[in-house]
Each structure stands twice: as C-alpha cells, then as structure tokens.
Amino acid sequence: MACRIAIFFAAVAMGISCTATAASATCKFKAKKDIIVILDVGHTDKDSGQISARGVKEYDFNMNLARQVLEELVNTGFISTQMIVMSGSNTHESRLQRSKRANDMGADLFISIHHDGVKNETLMPWQYNGTTHRFLDRFEGFSLWVSQKNNEYEESLSFAKTLADQLMASDLKFTTHHDELTNTAKYGRIAPLVDRERGIYDAYDNIAVLYESRMPAVLLEAGMIVNRAEEQVLSSPTRRATVARAVAGAVERFCAVRAPQT
C-alpha cells in the first residue's frame, strides 16, 4: 500500500524541547490525504493502565484498537494518519511529550485511545482459568473526554459529539459512572458531563494530552474492561472493527464543511 504511516516510539528519558508551535489549520481546509490525524496509544508497555477482568493489560487493548483505527482511517483515504506509542513510565512528562510530538507534526486532530475501569478497591475477586482476577460488572460502555483548557475546545467538543453519534449509531452505549451528579468518586474519576445525551465529559486540566495538544483533541475510553462480559466483546475483532468504522466516519464528517451542532 503506497501510503505514509509513521509510528513514533519515544523513551521517557529523551530530552525533548517543550516549545509550542502555532495551532495547525483546521482539517476542513485540507485535502483528505493531507489531514494529519494522530492516534495516541494510551499508557505504555511498562505502565500499562487498568488490568482487565481476565488479567489483560489495558495497554494491549489500546494498541490493538489503535492499529485497527489506523488501518480504517488509511483505507478511508486519511493516509497521513500517524500513531504515537510511548515507552517507559507513563509520567506527566511522557504525556506532555505525546502532545509535543503532535504539535510539532502540525496535526489536525488528536485522538487518545484508552479502555476504562474503576478504582481497585471497588473490584471483586473471581476465578478464571485457575487464577484469581478482579472485576466489576456494574458499569459498561464508552466515554469521551475533552478539556476546556484546550485552545481548540469548541472544535474538540464538536468532534466528540460527532464521534459519539457515530458510536451510538452502531448501537454502542456510554457509561455514566463518571457523572458527578449520579455517582461519587468511589468508582473513579468524576467529572461534569458536558453532553448528557452523548457521554462526553470535561476533563479540564486532569488529562495533559487534551489540554497541551494545540489542535482539537479527544480521549476515547472505548469500554469497560473490568466488566467481564464487555471485556470479551472489546477483545473481539468485530467490536474493534465497529469502533474503527465509527472513528473513521466521525473524522470524515468532522473534516467536511460542517454545520453547528446542538
């Protein structure tokens, strides 16, 4: 396939300047082949995030989904899509490096790919393949995160709405366990729902890749890997393909001339 796909590996120990670049032009003014979509693989090989109900690292889920999304975007014509993968500890500095790379590449859109969970103290033990693992089946579904500190906040929110619509059109539901009005911090991060019809939360200054990236930026929690049933679904090529098509469809709609969303 004659296309440009770059995967960037960066060690945390690398000395990288933090000088910001000017915000890139919005993608609707570019040809599809020139639109740079950054897929940020959440967490790292050594700092792998949530552990699933069957003992699989969140990082592995993130990597598998990001690869599927990359393939779908390239096949859809977004051949300048690039993937950022970090190595080492998932520190604040390493998260800043992700945004720094996207800024330096003049990216048009930043999508950070994750899978969700809950606080460890709320998990319950169960036996799987002769080993004790931990789960919580109470919640399921995706969530989307934006930050009002992002200098393209309105564009970020617009893309998040478009992506949520595409996910829900595929019969996927969003989780409400982060909702400050209906839950407590018992289960994990609590944040305002900025769109209660679509499962979009405001991370404000809690997620560095959202507020340091100088282009529209959205974090996707693709589903709850601590939920035993949903973990199995999220592990399937069918679900990864469904999410990948939704992301590609959202990017295509977002980067077209678009009317204001309500």
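If you're wondering where the values come from, they're calculated on a predicted model, not measured in any experiment.

Caption draft 1: Spotlight on the overall build of the chain. Helices and strands together make up the secondary structure of the chain, namely six helices and 10 strands. Taking all 262 residues of the chain together, the buried fraction comes to 54%. For the chain, the proportion of contacts with a sequence separation of at least 24, taken over those separated by at least 6, is 78%. Roughly 11400 Å² of accessible area belongs to the chain as shown, and the carbon and sulfur atoms make up 50% of that amount.

Caption draft 2: Structural context of the pairing of strand S5 (residues 124-128). Direction of pairing for S5 relative to strand S6 (residues 131-135): antiparallel, over a ladder of five bridges. For methionine 124, the partnering residue across the bridge sits in S6 and is phenylalanine 135. Counting the residues in the hairpin turn of S5 and S6 gives two residues, including asparagine 129, whose phi is positive at 55 degrees.

Caption draft 3: Local environment of empty space enclosed by the protein. Following the criterion strictly, the structure yields one cavity of 30 Å³ or more and no others. In this structure, the largest cavity encloses a volume near 30 Å³. Around the largest cavity sit Leu65, His115, Ala222, Leu234, Arg239, Arg240 and Val243, which together line it. The dominant element in the lining of the largest cavity, judged by the number of residues it contributes, is helix H6 (residues 237-254), at three residues.

Caption draft 4: Just the environment of leucine 157, in detail. Relative to the helices and strands, leucine 157 is located in helix H3 (residues 153-169). Take leucine 157: its relative accessible area is 11%, and that puts it in the buried class. The spacing of leucine 157 and valine 146 is 11 residues in sequence and 6.5 Å in space, taken between C-alpha atoms. If we skip the residues at most four places from it in the chain, leucine 157 touches Val146, Val194 and Ile200.

Caption draft 5: Region of interest: the pattern of salt bridges. Under the defined criterion, the tally for this structure stands at 11 salt bridges. The residue aspartate 137 makes a salt bridge to arginine 228 at a minimum N-O spacing of 2.6 Å. Taken as a pair, aspartate 137 in the loop between S6 and strand S7 (143-146) and arginine 228 in helix H5 (residues 228-234) lie far apart in primary sequence, 91 residues in all. Residue aspartate 137 is classed as partly exposed on the basis of its relative accessible area of 32%. Relative accessible area serves as the criterion here: at 24%, arginine 228 is assigned to the partly exposed category. When salt bridges with common partners are traced through the structure, they connect Asp165, Asp195 and Arg198 into a single cluster.

Caption draft 6: Main features of unusual backbone geometry. Even without glycine at this site, asparagine 129 takes up a positive phi of about 55 degrees. With respect to the element layout, asparagine 129 can be found in the loop between S5 and S6.

Caption draft 7: Spatial organisation of the side chain of arginine 198. Its place among the elements puts arginine 198 in the loop between strand S8 (193-195) and strand S9 (200-202). Here arginine 198 falls in the buried class, since its relative accessible area comes to 13%. In this structure the side chain of arginine 198 is engaged in a polar contact, spanning 2.8 Å, whose partner is the side chain of aspartate 165. Within the local environment of arginine 198, its side chain forms a polar contact with the side chain of aspartate 195, the two groups lying 2.7 Å apart.

Caption draft 8: Region of interest: the pairing of S7. Residue alternation in S7 divides its side chains into two sets, Ser143 and Trp145 and Leu144 and Val146, and both sets are buried. Pairing of S7 with strand S10 (residues 217-224) involves three bridges; the strand directions are antiparallel. The partner of tryptophan 145 across the bridge, within S10, is leucine 219. Pairing analysis gives three bridges linking S7 to S9, with the strands arranged parallel. By the bridge assignment, valine 146 is partnered in S9 with aspartate 202.

Rules and cut-offs
Residues numbered from 1 in each chain as written. Predicted model: local features only at pLDDT ≥ 70, side-chain atom pairs only at ≥ 80, totals over all residues. Heavy atoms only, no water. Helix = DSSP H or I, 4+ residues; strand = E, 2+ residues; numbered from the N terminus. Buried < 20%, exposed > 50% of the residue type's maximum accessible area, 1.4 Å probe, protein only. Contact = heavy atoms within 4.5 Å. Areas by Shrake-Rupley, 256 points an atom, 1.4 Å probe, with all protein chains shown as cover. Pairing = 2+ DSSP bridges. 1 Å grid on protein atoms, 1.4 Å probe; cavity = no way out; pocket = protein on both sides within 12 Å on 5 of 7 lines; lining within 4 Å. Points joined across faces, edges and corners; volume = space filled by probe spheres on them. Salt bridge = Lys/Arg side-chain N within 4 Å of Asp/Glu carboxyl O. Polar contact = N/O pair within 3.5 Å; in protein donor to acceptor, adjacent residues only side chain to side chain.

On their own, these measurements won't tell you what the molecule is for.
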